[in-house]
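Residue strings, one per chain:
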Amino acid sequence: MKILLLDGNSLTYRAFFALPTDMATASGQVTNAVYGFTSMLINLIKDHQPDSVVVAFDRPEPTFRHETVPTYKATRNEAPDILRQQMGLVREVIDVLGIPSLEAAGFEADDIIATLAERVQDSGDELVIVTGDRDTYQLVHDPSIKVLYNRRGVSDYALYDEAGILERTGVTPALYPQYAALRGDPSDNLPGVPGVGEKTAAKLISTYGGLDGIFAHLDEQTPKLRASLAEHEQQVRTNLDVMLLRRDAPCDVDLASLAWGPQDLAEVKRLFDFLEFRSLWDRLREVLDAADAPPSGGEVLHAELTRTTSEADAASALRAPAELHVAGGWTGEPGRSPLLGVAVVTDAGTGDVAWVPAELLATATVQAALADGRPVRAHDAKALMRSLLAIGVDLRGLVLDTALAAYLLDPGQATYRIGDVLSRYTGDRLADEGPPEGQLDFGGDGGSEAQSVSCDALAVARVAPALVDALDAQGMRQLYDDIENPLVRVLARMEDVGVGVDVGELRRLHDRLTEECRRLTQEVFRVAGREFNLNSTPQLRQLLFDERGLTPQKRTKTGFSTDAASLERLRDQWPEFIDPLLAYREVEKLRSTYGEGLLAEVAADGRIHATFNQTVARTGRLSSDKPNLHNIPVRSDEGRQFRRAFVPQPGCELLIADYNQIELRCIAHLAEDPGLIEAFTSGRDIHTATASRVFSVEPADVTIRMRSTAKMVSYGLAYGMEAYGLGQRLNIPTEEAAVILDAYFEAFPNVKAYMERTVKEARMRGYTETLFGRRRPIPELASDNYRIRQAGERQAMNAGIQGLAADIFKVALIRLDEALESGSFASRLILQVHDEVLVEVAPEEAKPVGDLTVDVMRHAADLRVPLEVNRTFGASWADAKE
């Protein structure tokens, strides 16, 4: 009889820390630990074909070990809430699979395992202990007992017999507890002998046969080792007592009766469906050879497509459903190329979908049917809204964008394709998802395009209820309804309007940068004494390090680095070469990215119509591309010149309104720090007030350098900056930066408390949450890699601040657009960049629109400190900013 004996707690912990904590069901139940454990279990059963499977668990009560060593395991971090919540689910999986579980008050799982191993050793059965705890090495006994040790993750195992333990540790299984007692176990807070690591411990045990022999021959050791052993003998003896596994745990079971197997596959299926373990269910069916068990996959969606051929047919099809579930098809990129047509679900139950081709979308009756205000659901609705706006249709009735809802529920995904969203939240699958989005096939009569888009529309209808339920379950329904959903139309209108461009100015900038690149190239060649490819890293390395003999600053995977930071540090070694090279790089980037890039994006109407993204940044911030207008340079004089090319339509002017220090105001509100709140509410310069408190001087005595340092600290904290980062920014040693940070936290103690509290809560819950309910999972906090964990802590610190600022700005955009529209103003929103909005202001509307904009933005949220807004007008973006 072959028995698999699993250490339930050990394997669950390993699974939890191996898989990201953003693994969750649609309802928000985190499942990484139970998923990893179940996956391990299925693989173990498949690979080892056991007759019996048993799982041993720890209990929460103290054991004799805690009585022997009161500080036993005292240094272990408390298990995160999201791990403790899953232990019950792990037990449910075990129970429903018919696997016995054992536990005993006052004993650890290892003691239960040792007790059962003792019985197996005498029974002739074969036992494989599966664990991530090395204490079980002492139980290995040929040929009946082996340890399958989980080294890391959910699939990296090593199977040890007696020879394997000897090779791995240098001692036999019987001597392993004495070896471990010498070495100590930091994870259990059992210190070993200082200076005695694994190799030394193994050598001592092998030489003298155990602890008694070692302590009887202390005179044979070096003076330092002899003293260390003698001083810590009692600690070692105590370690041994604690590390020896007990073989008398109360587990009165008959091993022969521990055969496993689910009694009710329907119950197993129900649990796996609840946990959304669709792939695991299929793997389990295979292991069980349960051909009669239902597959995990749901329905394969097939759209029953009807093509409309007349204006009347198309209008009738669009008016048929009480709610519109629609999808668009394009000749190229969605929203940025001509529409092929629109699919609308006429009966979700039967899969009936009507296809309305582009030529019919241009008719008045069809447009009226589309824009009659009925509830609309779509996937990536903004692209469809933008295309319909271009032909005169304002799709106002959006109630659910399935891509946007999926993003809110899991903001860490790279993409949100409708087929993936459908599969995750319903288990259904698309019959044919067709070619990649935006790449429709023109090889036939258009049938494949219409069929594919129709399946997308049907998928929207099927997945919508599950997404709404998931938003409700995670407490994000109001965030979606009040902020994200209405913002879709605002952004679609901004994309449709676009921003005006002075093409002549752009060309002049491009030509000037091209000439400057040519001049700098010749200067670099002159100093180098020969020509080479300035954009070739290998050629530059050869020149700098091989020929010139400069001292490299850092090594990359392919060789010494030639990035900007490394070149800056090389400047003193060859300034006449490094300076023009760095200047060339900056100018060439401006020329190619903005000189050529912006010119290529100017549409026939003389405006740039960028795309604004709601589903990219995990913090909730908006981004833009094609082109990235958020990245127009502002730090260099040359870069700022590009803003002169952005202009309003003739007769209008640009209004620029941006929040003043919104991140710092969010910090003051969230931290409830009286010092920061007083500084903001008093109307004083916040950076001077901060510097005054940090450097303990009167405001009048604050120097420019003090103010600059305080400003850098304040903004750095919004991004989770630590002493090292501050030191890099200020070009000072990390120790000096740490003193400044400490002074800041002493001046504003609630800020430090907020940062620490935020990290702790995120670690326990697995995510951060803004005041508006936006969640951001941070799986990095559960990583066993220190650097990754540190990055997770920085993300946790800034997520609430950045997320709140993003939510406030989105509210302001929505309310401003509504106010301009309801007030029948001719002025219109044309662009947003970070915390800044650009409004194209019609003649005679400057004062009312300017006052309205500031008022709306100031009242977008009710914080403990006032929201302040800067407002300027100009004939170009640059003029308004100067």
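The structure we're discussing is the one just above.
Everything in this summary refers to the structure shown in the same document. Fair warning: this is a prediction, and the values are worked out from it, not measured in the lab. (Residues numbered from 1 in each chain as written. Predicted model: local features only at pLDDT ≥ 70, side-chain atom pairs only at ≥ 80, totals over all residues. Heavy atoms only, no water.)

### Some details on the sheet that holds strand 23 (residues 653–659)
Selection criterion: Pairing between two strands requires that DSSP report at least two bridges joining them. Under the scheme used here, helices are H or I runs from DSSP no shorter than 4 residues and strands are E runs no shorter than 2 residues, and both carry numbers assigned from the N terminus. For helices, the fitted line uses only the C-alpha atoms of the stretch in contact; every axis is such a line through C-alpha atoms, and the angle between N-to-C directions lies from 0 to 180 degrees. Here a residue-residue contact requires only that any non-hydrogen atoms of the pair lie within 4.5 Å.
On the basis of which strands lie adjacent, the open sheet formed by 4 strands has the order 26-27-23-28 and antiparallel pairing. With one partner strand each, in any of the chains shown, strand 26 (828–833) and strand 28 (869–874) form the two edges of the open sheet. The average undirected angle you get between the axes of adjacent strands in this sheet is 20°. Here strand 26 pairs with strand 27 (residues 836–841) via 5 bridges, running antiparallel. Note that in strand 27 the partner of Gln832 across the bridge is Val837. Across the sheet, helix 34 (residues 786–822) is in contact with strand 23, strand 26 and strand 27; its angle to strand 26 comes to roughly 170°.

### What about the packing of helix 34 against helix 35 (residues 846–858)?
Our working rule: Crossing handedness is read from the near helix: turned anticlockwise from the far helix by less than a right angle, it gives a left-handed crossing, and turned clockwise, a right-handed one. Under the grouping applied here, Gly and all other residues not named as nonpolar or charged are polar, the nonpolar ones being Ala, Val, Leu, Ile, Met, Phe, Trp, Tyr, Cys and Pro and the charged ones Asp, Glu, Lys and Arg.
At a minimum axis separation of 9 Å, helix 34 and helix 35 run at an interaxial angle of 145°. Of the two elements, helix 34 crosses helix 35, and the hand of that crossing is right-handed. Taking contact as the criterion, the partners of Ala812, Arg815, Leu816, Ala819 and Leu820 in helix 34 are, on helix 35, Val849, Leu852, Thr853, Val856 and Met857. Taken together, the residues of the contact of helix 34 with helix 35 sort by class into 8 nonpolar, 1 polar and 1 charged.

### A short note on the packing of aromatic side chains
For clarity, the cut-off: Pairing of aromatic rings covers Phe, Tyr and Trp, the last counted by its six-membered ring, and requires centre-to-centre distances within 6.5 Å; plane angles under 30 degrees mean stacked, over 60 mean edge-to-face, and any other angle means tilted. The cut-offs for exposure are 20% and 50% of the maximum accessible area for each residue type, with area from a 1.4 Å probe on protein chains only; residues under the lower value are buried, those over the upper are exposed, and the others partly exposed.
On inspection of all chains with the given rule, the structure shows 18 aromatic pairs. For the ring pair Phe545 and Phe560, a centre distance of 5.5 Å and an interplane angle of 65° mean the geometry is edge-to-face. Here the residue Phe545 occupies a position in helix 23 (residues 537–547), and Phe560 occupies one in strand 19 (residues 559–560), the gap between them amounting to 15 residues. Judged by relative accessible area, Phe560 falls into the partly exposed class, the value being 28%. Their ring planes at 85° and their centres at 5.9 Å tell us that Tyr744 and Phe745 sit as a pair that is edge-to-face.

### A few points about the pairing of strand 13 (residues 352–357)
Regular strands show a simple pattern: their side chains alternate between the two faces of the sheet. With 5 of its 6 residues buried, strand 13 lies for the most part within the structure. With 4 bridges joining them, strand 10 (residues 304–307) and strand 13 adopt parallel strand pairing. Counted as the bridge partner of Leu305 is Val353 from strand 13. Here strand 12 (residues 339–347) folds back onto strand 13 in antiparallel fashion, the turn holding 4 residues, of which Gly351 has a positive phi close to 80°.

### Focus on the nonpolar core
It is characteristic of soluble globular proteins that their nonpolar side chains tend to be buried jointly. Let me state the cut-off plainly: Only buried residues count toward a nonpolar core, which is a set of Ala, Val, Leu, Ile, Met, Phe, Trp, Tyr and Cys residues joined through side-chain atoms within 4.5 Å.
In terms of nonpolar packing, the biggest core is built from 188 residues, with Leu544, Phe577, Tyr659, Val751 and Ile808 touching the most fellow members. Here the element with the most residues in this core is helix 34; it accounts for 14 residues. In contact with Ile808, not counting residues within four places along its chain, are Tyr659, Ile662, Cys666, Phe772, Ala860, Ala861, Leu863 and Leu867. Membership of the second largest hydrophobic core comes to 53 residues, among which are Val69, Ala180, Ala201 and Leu211.

### Quick look at helix 31 (residues 723–730)
Keep this limit in mind: Directions from the helix axis toward the C-beta atoms define the arc.
Buried within helix 31 are the following residues: Ala723, Leu726, Gly727 and Leu730. On an axial view of helix 31, the arc spanned by its buried residues comes to 100°, and they lie on one face. Helix 31 presents Tyr724 and Gln728 as exposed residues on the side facing more than 90 degrees away from its buried surface. For helix 31, the secondary structure elements touched by its buried residues are helix 30 (704–717) and helix 32 (734–747). Following helix 31 by one or two positions, Asn731 has its phi on the positive side, about 60°.

### Concerning the packing of helix 22 (residues 503–528) against helix 25 (residues 575–600)
Under the convention used in this document: For classification, angles of less than 35 degrees are called roughly parallel, those exceeding 145 degrees roughly antiparallel, those between 65 and 115 degrees roughly perpendicular, and all remaining angles oblique.
Across the interface, helix 22 lies against helix 25 with an axial gap of 8 Å and an inter-helix angle of 155°. As the angle between them shows, helix 22 and helix 25 are arranged roughly antiparallel. You can see that helix 22 and helix 25 cross each other, and the crossing is left-handed. For the contact of helix 22 with helix 25, the class distribution of residues is 17 nonpolar, 4 polar and 7 charged.

### Topic: the sheet that holds strand 13
The 6 strands lie next to each other as 10-13-12-11-14-15, forming an open sheet whose pairing is mixed. Each end of this open sheet is capped by a strand with a single partner; those strands are strand 10 and strand 15 (398–401). Strand-to-strand, the axes of this sheet are offset by a mean angle of 30°, without reference to chain direction. In the sheet, strand 11 (residues 324–330) pairs with strand 14 (residues 376–378) via 3 bridges, with the strands oriented parallel. Opposite Val326, over in strand 14, you have Ala378 as the bridge partner. Across the sheet, helix 17 (residues 381–390) is in contact with strand 11, strand 12, strand 14 and strand 15; its angle to strand 11 comes to roughly 70°.

### Points about helix 34
Stated precisely, the cut-off is as follows: Multiply 1.5 Å by the residue count of a helix minus one, and that product is the helix's expected span. By definition, a residue's bend is the angle between the axes fitted to the seven residues ending there and the seven starting there.
Across its 37 residues, helix 34 extends 53 Å between first and last C-alpha, which sits within 8% of the 54 Å expected from 1.5 Å per residue. Helix geometry: helix 34 is bent most strongly at Asn798, by close to 35°. Taking burial as the measure, the 37 residues of helix 34 include 26 buried ones, the bulk of the element. The positive-phi residue at the C-terminal boundary of helix 34 is Ser824, with phi of around 55°.

### Brief notes about the pattern of salt bridges
For side chains of opposite charge, pairing can occur when their charged atoms come near one another. The condition is simple: Every case where a carboxyl oxygen of Asp or Glu lies within 4 Å of a side-chain nitrogen of Lys or Arg is listed as a salt bridge.
Tallying each qualifying case throughout the model produces 60 salt bridges. Put simply, Asp111 and Arg65 hold a salt bridge, and the shortest N to O gap is 2.8 Å. Taken together, the positions of Asp111 in helix 5 (residues 109–123) and Arg65 in helix 3 (residues 64–68) put the pair 46 residues apart, joining distant regions of the chain. Ionic pairing is found between Lys626 and Asp625, a salt bridge with its closest N-O pair at 3.9 Å. With relative accessibility at 34%, the residue Lys626 sits in the partly exposed group. In this structure, a network of salt bridges that share partners links the residues Asp394, Arg396, Arg489, Arg493, Asp817 and Glu821.

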